[in-house]
Amino acid sequence: MLGMFVSFVVIGALQALYGPAVPGMQDRFGISAGEVGLVLAMHFVGALLGVLGTSRMRRWGNRAFLIIALTATAVGCLGFAMAPVWPAALAAAFVVGLGFGWIDVGVNELFIEYYGSNGTGMLNLLHGVFGAGAVLGPLFIGALPRQMYVWSFVVCAALCLIALLTVRGVSGRPVRHTRQDVRWAAVGRMTALFMIFFVLHVGVESGVGGWETSHLVSLGWAAGPAAMATSAFWLALTGIRFAISPIARFFTAQQIVLASLVLVMVGTVLAHWNPAAPVGYILTGIGVGPLFPTGLIWLTEKLPGVPGVTSYVIAMSMLGGVLPSLVGGAVEQWGPGVIPTTIAAMGAVCVLVALVIRSLASPLRAPHDAPANRVSGAAKGAT
């Protein structure tokens with residue numbers, strides 16, 4: 001478990017490192033801002049392929065999968081740090097993305113397999129660690145001279161190697177079951193609803209993170225305090241995942257998701273009121289925080305034993321990062337005052353989708369030959 005936490009610190013940091021490293025990359029390779037954007041594109045493509053390929057990779061065994069994923073991430077980070085030319089750096093970013101995608105889906109699946117429907121608290125803790133990495137990464141790179149940004153990637157590689165030391169006792173493979181009673185049309189509908197749910201709440205998260213500062217500045221805030229308020233949103237999002245872990249066992253995943261969505265709606269509505277706008281965004285962060293990890297548990301409860309569904313839903317959730325561009329389009333049309341309205345609209349549709357999911361019975365039951373204690377036992381060595 002400690003090794004998996006370390007791996008999530010790494011991918012959380014990697015997600016947040018490229019932006020602060022932009023000035024150093026421009027100085028080192030003599031490239032324009034547009035060319036720097038290619039590194040994000042290469043990382044995204046690698047991550048998407050890694051996410052989609054996780055199900056097949058894990059068939060090789062949990063230990064082999066973790067060794068490959070952690071090694072690929074370490075090699076990619078070292079390659080990016082030592083790349084002599086820009087094309088080599090782009091290739092290394094692609095390898096980093098592959099490892100990122102494998103770790104993201106694979107470790108989530110291992111936690112779900114080990115803890116089952118009781119894993120809400122642990123999965124929130126795992127994602128809290130991810131958020132901690134996203135906070136610590138930019139702080140570390142900001143403390144270094146601009147040309148020394150490469151050391152942040154070297155540290156990520158070292159952490160991957162430390163995590164590799166924890167996989168000696170890993171064994172087993174994902175439990176697969178041949179189902180004869182699956183209504184695949186109903187499974188497809190349920191999967192599509194979860195994809196929409198994940199895209200929308202990731203869109204709310206990205207929308208607040210990308211546009212809160214602009215909205216507060218339009219309300220008369222100075223740029224510095226507005227940026228600090230945006231940091232408070234991210235800290236609230238991360239902190240609630242740690243806070244919810246010890247109490248999650250008292251509530252179902254569905255109850256936590258619906259309560260979180262209520263907070264999202266209250267927060268985005270409150271953000272329309274100038275004096276309370278930053279408080280509204282903090283409430284939104286508290287609401288959004290549990291949605292991704294708890295949503296994965298809810299997905300598992302609704303679609304138990306469906307192979308690859310976690311990969312597909314996580315891959316689709318990446319599209320949520322595109323939704324802030326819709327907020328930008330609304331700002332161009334109606335001004336920055338529409339920012340909380342657009343985000344609230346995304347949250348409202350997310351609530352409707354969650355209510356539809358809640359109203360639908362699971363299209364299948366957990367296999368009779370795989371009770372919870374047996375699945376946990378099979379995955380215990382892997383975790």
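Residues numbered from 1 in each chain as written. Predicted model: local features only at pLDDT ≥ 70, side-chain atom pairs only at ≥ 80, totals over all residues. Heavy atoms only, no water.

Colleague: Sorry, what's going on with the overall build of the protein chain here?
Modeller: Check the secondary structure of the protein chain and you find 15 helices and zero strands. At 21 Å, the protein chain has a C-alpha radius of gyration in line with the 21 Å of a compact globule built from 383 residues. With the C-alpha coordinates of the protein chain rotated into their principal frame, the extents come out at 60 × 50 × 35 Å. Taking all 383 residues of the protein chain together, the buried fraction comes to 51%. Charged side chains of the protein chain number 19 positive and 11 negative; the gap between the two group centres comes to 13 Å. (Helix = DSSP H or I, 4+ residues; strand = E, 2+ residues; numbered from the N terminus. Rg over C-alpha atoms; globule rule 2.2 N^0.38 Å. Buried < 20%, exposed > 50% of the residue type's maximum accessible area, 1.4 Å probe, protein only. Lys, Arg positive; Asp, Glu negative; His and termini not counted. Charge placed at Lys NZ, Arg CZ, Asp CG, Glu CD.)

Colleague: Sorry if this is basic, but what is going on with the nonpolar core here?
Modeller: Soluble globular proteins tend to pack their nonpolar side chains together in the buried interior. Judged by nonpolar contacts, the single largest core of 81 residues is most densely connected at Phe8, Leu66, Val107, Phe111, Phe194, Phe197 and Ile357. When residues of this core are assigned to their parent elements, the largest contribution, 13 residues, is made by helix α7 (residues 184–218). With residues up to four places along the chain from it excluded, the contact list for Phe111 reads Met1, Met4, Phe5, Gly116, Met122, Leu123 and Leu126. Counting 29 residues, the second-largest nonpolar core is a separate cluster that includes Val10, Val39, Cys77 and Ala83. (Core = buried A, V, L, I, M, F, W, Y, C linked by side-chain atoms within 4.5 Å. Contact = heavy atoms within 4.5 Å.)

Colleague: What exactly am I supposed to notice about the packing of helix α8 (residues 223–244) against helix α10 (residues 277–288) here?
Modeller: Helix-helix packing is characterised by the crossing angle of the two axes and by the distance between the axes. Between α8 and α10, whose axes approach to 7 Å, the crossing angle comes to 30 degrees. The angle between α8 and α10 places the two elements in the roughly parallel class. For the element pair α8 and α10, the recorded crossing hand is right-handed. On the side of α8, the interface is formed by Ala229, Ala232, Phe233, Ala236, Leu237 and Ile240, while α10 contributes Pro278, Tyr281, Ile282, Thr284, Gly285, Ile286 and Val288. (Axes fitted to C-alpha atoms, helices over the stretch in contact; angles between N-to-C directions. Parallel < 35°, antiparallel > 145°, perpendicular 65-115°, else oblique. Left-handed = near helix turned anticlockwise from the far one by under 90°.)

Colleague: Please clarify how the side chain of Thr191 should be interpreted in this entry.
Modeller: Among the secondary structure elements, Thr191 is positioned in helix α7. Residue contacts for Thr191: discarding those within four places in its chain leaves Leu303, Val309 and Val313.

Colleague: Hey, could you run me through the pattern of salt bridges in this one?
Modeller: Pairing is possible between side chains of opposite charge, provided their charged atoms come close. Applying the stated criterion to the full structure yields two salt bridges. Arg58 is the salt-bridge partner of Glu109, the closest N and O atoms lying 2.8 Å from each other. On the criterion of sequence distance, the pair formed by Glu109 in helix α4 (residues 86–115) and Arg58 in the loop between α2 (33–57) and α3 (62–82) is long-range, its members being 51 residues apart. The exposure class of Arg58 is buried, given its relative accessible area of 1%. The network of salt bridges with common partners includes Arg58, Glu109 and Glu113. (Salt bridge = Lys/Arg side-chain N within 4 Å of Asp/Glu carboxyl O.)

Colleague: Is there a simple way to think about α10 in this case?
Modeller: In an α-helix there are 3.6 residues to a turn, and that puts residues three or four apart on one side. With 12 residues, α10 ought to run about 16 Å at 1.5 Å a step, and its terminal C-alpha atoms sit 16 Å apart, in line with that. Of the positions making up α10, those classed as buried are Ala277, Pro278, Gly280, Tyr281, Thr284, Gly285, Gly287 and Val288. (Expected span 1.5 Å × (residues − 1).)

Colleague: When you look at the layout of surface pockets in this model, what are you seeing that I'm missing?
Modeller: Taking a probe equal in size to a water molecule and rolling it over the atoms shows the remaining empty space. Estimated volume of the largest pocket: approximately 1,200 Å³. The wall of the largest pocket is formed by 32 residues, among which Gln15, Phe100, Phe130, Glu205 and Ser206 lie closest to the centre. Elements with a contribution of two residues or more to the lining of the largest pocket: α1 (2–29), α2, α4, α5 (120–143), α7, α8 and α12 (309–317). (1 Å grid on protein atoms, 1.4 Å probe; cavity = no way out; pocket = protein on both sides within 12 Å on 5 of 7 lines; lining within 4 Å. Points joined across faces, edges and corners; volume = space filled by probe spheres on them.)

Colleague: Looking at this structure, I do not really get the packing of aromatic side chains. What am I missing?
Modeller: The relation between two aromatic rings is expressed through the spacing of the ring centres and the mutual angle of the planes. One pass over the full model with this rule turns up 13 aromatic pairs. Plain terms: the ring middles of Phe5 and Phe111 are 5.9 Å apart, the flat faces sit at 50 degrees to each other, and that makes the pair tilted. In this pair, Phe5 is assigned in helix α1 and Phe111 in helix α4, connecting sequence segments 106 residues apart. Judged by relative accessible area, Phe111 falls into the buried class, the value being 1%. Where Phe197 meets Trp298, the ring centres are 6.1 Å apart and the plane angle is 85 degrees; that geometry is what we call edge-to-face. (Phe/Tyr/Trp six-rings, centres within 6.5 Å; stacked < 30°, edge-to-face > 60°.)

Colleague: Explain the confidence of the model for the protein chain to me, please; I cannot follow it from the model alone.
Modeller: Caution is warranted with low-pLDDT regions, since their predicted coordinates should not be read in detail. Put simply, the protein chain has an average pLDDT of 87, and 92% of its residues get 70 or more. The element-level mean pLDDT for the protein chain is lowest in helix α15 (residues 372–380), coming to 37, with helix α9 (residues 253–270) highest at 96. Counting interchain partners and residues more than four positions distant, the pLDDT-below-50 stretch residues 367–383 has 24 contacts. (pLDDT = per-residue confidence, 0-100.)

Colleague: How should I be thinking about the environment of Thr54 in this particular structure?
Modeller: With respect to the helices, strands and loops of the structure, Thr54 is situated in helix α2. Each C-alpha atom, one on Thr54 and one on Ala72, is 13 Å from the other, the two residues being 18 residues apart in sequence. Residues within four places of Thr54 in sequence aside, it is in contact with Phe65, Gly101, Trp102, Val105, Gly106, Glu109 and Ser311.

Colleague: Please explain the environment of Tyr114 as it appears in this structure.
Modeller: With respect to the helices, strands and loops of the structure, Tyr114 is situated in helix α4. Separated by 73 residues in the primary sequence, Tyr114 and Ala41 place their C-alpha atoms 34 Å from one another.

Colleague: I tried to follow the side chain of Arg241 on my own but got confused; where do I start?
Modeller: With respect to the helices and strands, the residue Arg241 is situated in helix α8. For the buried Arg241, which has no salt bridge, the nearest side chain bearing the opposite charge is Glu205, at an N-O separation of 4.6 Å. From its side chain, Arg241 meets the backbone oxygen of Gly289 in a polar contact 2.6 Å long. (Polar contact = N/O pair within 3.5 Å; in protein donor to acceptor, adjacent residues only side chain to side chain.)

Colleague: For this particular structure, what's the right way to read a nonpolar patch on the surface?
Modeller: A surface patch of nonpolar side chains, about 340 Å² in accessible area, is lined by Phe140, Met148, Trp151 and Val155. Mapped onto the elements of the fold, Val155 is located in helix α6 (residues 150–164). (Patch = residues over 30% accessible without salt bridge, like charges linked within 9 Å, V, L, I, M, F, W, Y side chains within 5 Å. Areas by Shrake-Rupley, 256 points an atom, 1.4 Å probe, with all protein chains shown as cover.)

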